[in-house]
Amino acid sequence: MSNNINNTERFHSIVETVIERHRHRPGALLPVLHDIQEALGFIPSATVGQIAGGLNLSRAEVHGVISFYHDFRYAPGPQVRICMGEACQSMGSAALLSQATEILGDGVEPVYCLGNCACAPNIDISHAYHGRMSQEKLASLLAREVAA
Ligand code: FES
């Protein structure tokens, strides 16, 4: 519990510093989000209001930009995208999606064609693409990511 409070305070302090650094630039939101992501590895959802207030934007505007760009994420840890396109679904990607969600919780999202259908099923772990994925290989890759 006190660790969560310390983390929250630390997040807000870092976000405040980043906002101060960019506040007066036109189009400050993207550099602010990049700097927060670089400092923390993710953008804590609890800081969206702080970012919005600091840059005189609405929460919806900040959330919209975070959601639009795949580089930004709300959760720490690896970002996993599982292809649910037709070719990958026919090769069992739904089971991979369930497996990854069960292991990681946040940070897993379905996508619809990673452009490598011939090697279905495909996944993307933090921008590294893996084809012909199996549940055994996925378990091994995720174990390595979680331990890193
Ligand atoms: S359908 Fe999965 S890569 Fe195209």
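Heads up: the structure comes first, above all this text.
The shown structure was predicted, so the numbers you read here are calculated from the model rather than taken from an experiment. (Residues numbered from 1 in each chain as written. Predicted model: local features only at pLDDT ≥ 70, side-chain atom pairs only at ≥ 80, totals over all residues. Heavy atoms only, no water.)

Asker: An account of the overall build of the protein is needed here, citing residue identities and associated values.
Answerer: A count of helices and strands for the protein gives seven helices and four strands. Listing the helices and strands of the protein from first to last along the sequence gives α-α-α-α-β-α-α-β-β-β-α. Taken along its principal axes, the extent of the C-alpha atoms in the protein is 50 × 35 × 20 Å. A total of 148 residues make up the protein; the buried ones form 39% of that total. Sequence separation of 24 or more characterises 59% of the internal contacts of the protein that already satisfy a separation of 6 or more. Total accessible area computed for the protein in this model is approximately 8400 Å², and 53% of it derives from carbon and sulfur atoms. Placing the 10 positive and 14 negative side-chain charges of the protein at their respective mean positions leaves the two points 4 Å apart. (Helix = DSSP H or I, 4+ residues; strand = E, 2+ residues; numbered from the N terminus. Buried < 20%, exposed > 50% of the residue type's maximum accessible area, 1.4 Å probe, protein only. Contact = heavy atoms within 4.5 Å. Areas by Shrake-Rupley, 256 points an atom, 1.4 Å probe, with all protein chains shown as cover. Lys, Arg positive; Asp, Glu negative; His and termini not counted. Charge placed at Lys NZ, Arg CZ, Asp CG, Glu CD.)

Asker: Run through the pairing of strand E1 (residues 80-83), naming residues and quoting values.
Answerer: Neither face of E1 is left uncovered, since the one carrying Val-80 and Ile-82 and the one carrying Arg-81 and Cys-83 both have all their residues buried. In this sheet, strand E2 (residues 108-111) lies alongside E1 in parallel orientation, the contact comprising four bridges. Residue pairing for E2: Cys-83 is matched across the bridge by Val-111. With three bridges connecting them, E1 and strand E3 (residues 123-125) associate as antiparallel partners. Within E3, the residue paired with Arg-81 across the bridge is Asp-124. (Pairing = 2+ DSSP bridges.)

Asker: Before we move on, can you summarise the packing of aromatic side chains with the specific residues and values?
Answerer: Taken as a whole and assessed by the stated rule, the structure comprises three aromatic pairs. Aromatic pair Phe-68 and Tyr-69: ring centres 5.1 Å apart, planes at 85°, arrangement edge-to-face. Residue class for Phe-68 comes out exposed when judged on its relative accessible area of 62%. Through pairs of rings, three or more aromatic residues link up here, namely Phe-68, Tyr-69 and Phe-72. (Phe/Tyr/Trp six-rings, centres within 6.5 Å; stacked < 30°, edge-to-face > 60°.)

Asker: Lay out the layout of surface pockets with the relevant residues and their values.
Answerer: Quantified by volume, the largest pocket comes out at close to 250 Å³. Around the largest pocket, the lining comprises 15 residues; the ones closest to its centre are Phe-72, Arg-73, Tyr-74, Gln-79 and Glu-109. Tallying contributions element by element places helix H4 (residues 59-68) first for the lining of the largest pocket, with three residues. Residues belonging to the lining of the largest pocket are distributed by class as follows: seven nonpolar, six polar and two charged. Residue-level mapping places the lining of the largest pocket at the junction of two domains, with at least three residues from each of domain 1 (2-68) and domain 2 (80-147). (1 Å grid on protein atoms, 1.4 Å probe; cavity = no way out; pocket = protein on both sides within 12 Å on 5 of 7 lines; lining within 4 Å. Points joined across faces, edges and corners; volume = space filled by probe spheres on them. Nonpolar A, V, L, I, M, F, W, Y, C, P; charged D, E, K, R; others polar. Domains from an automatic or database assignment.)

Asker: With reference to specific residues and values, describe the sheet that holds E3.
Answerer: Spatial ordering of the open sheet is given by E2-E1-E3-E4, a layout of four strands whose pairing is mixed. Strands with a single pairing partner mark the edges of an open sheet, and in this sheet they are E2 and strand E4 (128-130). The average angle at which neighbouring strand axes cross in this sheet is 25°, direction not considered. Alignment of E3 against E4, held across three bridges, turns out to be antiparallel. Counted as the bridge partner of Asp-124 is Tyr-129 from E4. Most of the contacts of helix H6 (residues 93-104) go to E1, to which it runs at about 160°, and overall it touches E1, E2 and E3. (Axes fitted to C-alpha atoms, helices over the stretch in contact; angles between N-to-C directions.)

Asker: Tell me about the nonpolar core, residues and numbers included.
Answerer: Core analysis: the biggest nonpolar cluster contains 19 residues, and Ile-36 and Ile-51 have the highest contact counts within it. Among the elements of the structure, helix H1 (2-22), helix H2 (29-40), helix H3 (48-54) and H4 are those that each provide at least two residues to this core. No other element matches the five residues that H2 contributes to this core. Beyond its immediate sequence surroundings of up to four residues, Ile-36 is in contact with Val-15, Val-18, Gly-41, Phe-42, Ile-43, Pro-44 and Ile-51. (Core = buried A, V, L, I, M, F, W, Y, C linked by side-chain atoms within 4.5 Å.)

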